[in-house]
Structure formats: structure tokens, C-alpha cells
Amino acid sequence: MGVGDVAAQTRQCIEIIKAAFEEAGSGLHDVVRTRVVLTDIYNWKTALDVRKEYFKDVRPVDTIMAVIVSSTRNGLSNSKPMRSSRARALAVRLEA
């Protein structure tokens, strides 16, 4: 779903969570914390902008972090390095 489209992926995740809450007789108004895991920390604003569409009346605490996706082929690492030490530092709690 939405390969390469952080907004579409975030929206789909929230829709799945929303459906589970509603099935349990609750809703997004009961969410107190969200955690977002990105492969590129520079997409954090896009993810939070989508989150704001769903959480207008409540303000859950947001934790955003980036992970480095790596694969090994022929013994060589194809890791995508973080762009800067600041990007690594952004893998901490952010509140919108």
C-alpha cells in the first residue's frame, strides 16, 4: 500500500488502528500515544501532518524514530546511512 508514499502508508496504518478501536467499542479519542517508525527521518513532518487529520480533538504524545534498513549481498552491507548526526538525534520523542 502506498509504496514510497509516507502519507498513504500513515493513513492506512491509522485506518487499521481506528477500525480495531471501533470494533472494540472505542475510538481514536482514547489514543494517548503514537509511535511512528520511518526508514527516512526526513519524512517525519509528512507522517505527523496525516496524524493531525485524525487527532484533531486529542493530542496524543508522538514518538518518531528512524531505522536503518540494511541488506547483505555477497557479504557487503548495503546500509543506507543516516544523512547527518542531527538526523540520528531526531530519532527521539517529538511532540506536535
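Structure: see above.
Treat the numbers as computed from the prediction; the structure is a model and nothing was measured.

Thoughts on the pairing of strand 2 (residues 61–66)
- Two strands pair when backbone bridges link them, and strand 1 (residues 33–38) and strand 2 are joined in this way by six bridges, in the parallel orientation. Looking at the pairing, arginine 33 lines up with valine 61 of strand 2.
- The parallel pair strand 1 and strand 2 is bridged by helix 2 (residues 44–54), and the resulting crossover is right-handed.

Some points on the packing of helix 1 (residues 6–23) against helix 2
- Where helix 1 contacts helix 2, the two axes come as close as 9 Å, and the packing angle between them is 40°. You can see that helix 1 and helix 2 cross each other, and the crossing is right-handed. For the pair helix 1 and helix 2, contact is made by Val6, Ala7, Thr10, Arg11, Ile14 and Glu15 and by Thr46, Ala47, Val50, Arg51, Glu53 and Tyr54, respectively.
- Here the contact of helix 1 with helix 2 is composed, by residue class, of six nonpolar, two polar and four charged.

Things to note about the pattern of salt bridges
- For the structure shown, the criterion picks out three salt bridges.
- Measuring nitrogen to oxygen at the nearest pair gives 3.0 Å for the salt bridge that ties arginine 11 to glutamate 53. Residue arginine 11 is found in helix 1, and its partner glutamate 53 is found in helix 2; the two are separated by 42 residues along the sequence.
- Owing to a relative accessible area of 41%, glutamate 53 belongs among the partly exposed residues under this scheme.
- Two residues, aspartate 49 and lysine 45, come together in a salt bridge whose shortest N-O distance is 3.3 Å. Taken together, the positions of aspartate 49 and lysine 45, both in helix 2 and four residues apart, correspond to about one turn of that helix.
- Here aspartate 49 falls in the partly exposed class, since its relative accessible area comes to 32%.

Considerations on helix 1
- Between its terminal C-alpha atoms helix 1 stretches 26 Å, which fits the 26 Å expected from 18 residues at 1.5 Å a residue.
- All of the buried residues in helix 1 are Val6, Ala7, Ala8, Thr10 and Ile14.
- Downstream of helix 1 by one or two residues, glycine 25 has phi in the positive range, about 85°.

Side note on helix 2
- Among the residues of helix 2, Ala47, Leu48, Val50, Arg51 and Tyr54 are the ones counted as buried. Buried residues of helix 2 fall within an arc of 160° about the axis and therefore sit on the same side.
- Residues of helix 2 that are buried make contact with helix 1, strand 1 and strand 2.

Examining the nonpolar core
- Residues Val6, Val36, Leu38, Ile41, Ala47, Leu48, Ile64 and Ala66 constitute the largest nonpolar core, which totals eight residues.
- Contact partners of valine 6, with chain neighbours within four places excluded, come to Leu38, Asn43, Thr46 and Ala47.
- Ala7, Ile14, Val31 and Tyr54 belong to the second largest nonpolar core, which has seven residues in total.

Reading the values: rules and limits
Residues numbered from 1 in each chain as written. Predicted model: local features only at pLDDT ≥ 70, side-chain atom pairs only at ≥ 80, totals over all residues. Heavy atoms only, no water. Pairing = 2+ DSSP bridges. Helix = DSSP H or I, 4+ residues; strand = E, 2+ residues; numbered from the N terminus. Right-handed = clockwise from strand over helix to strand, strands pointing away. Axes fitted to C-alpha atoms, helices over the stretch in contact; angles between N-to-C directions. Left-handed = near helix turned anticlockwise from the far one by under 90°. Contact = heavy atoms within 4.5 Å. Nonpolar A, V, L, I, M, F, W, Y, C, P; charged D, E, K, R; others polar. Salt bridge = Lys/Arg side-chain N within 4 Å of Asp/Glu carboxyl O. Buried < 20%, exposed > 50% of the residue type's maximum accessible area, 1.4 Å probe, protein only. Expected span 1.5 Å × (residues − 1). Arc of directions from axis to C-beta. Core = buried A, V, L, I, M, F, W, Y, C linked by side-chain atoms within 4.5 Å.

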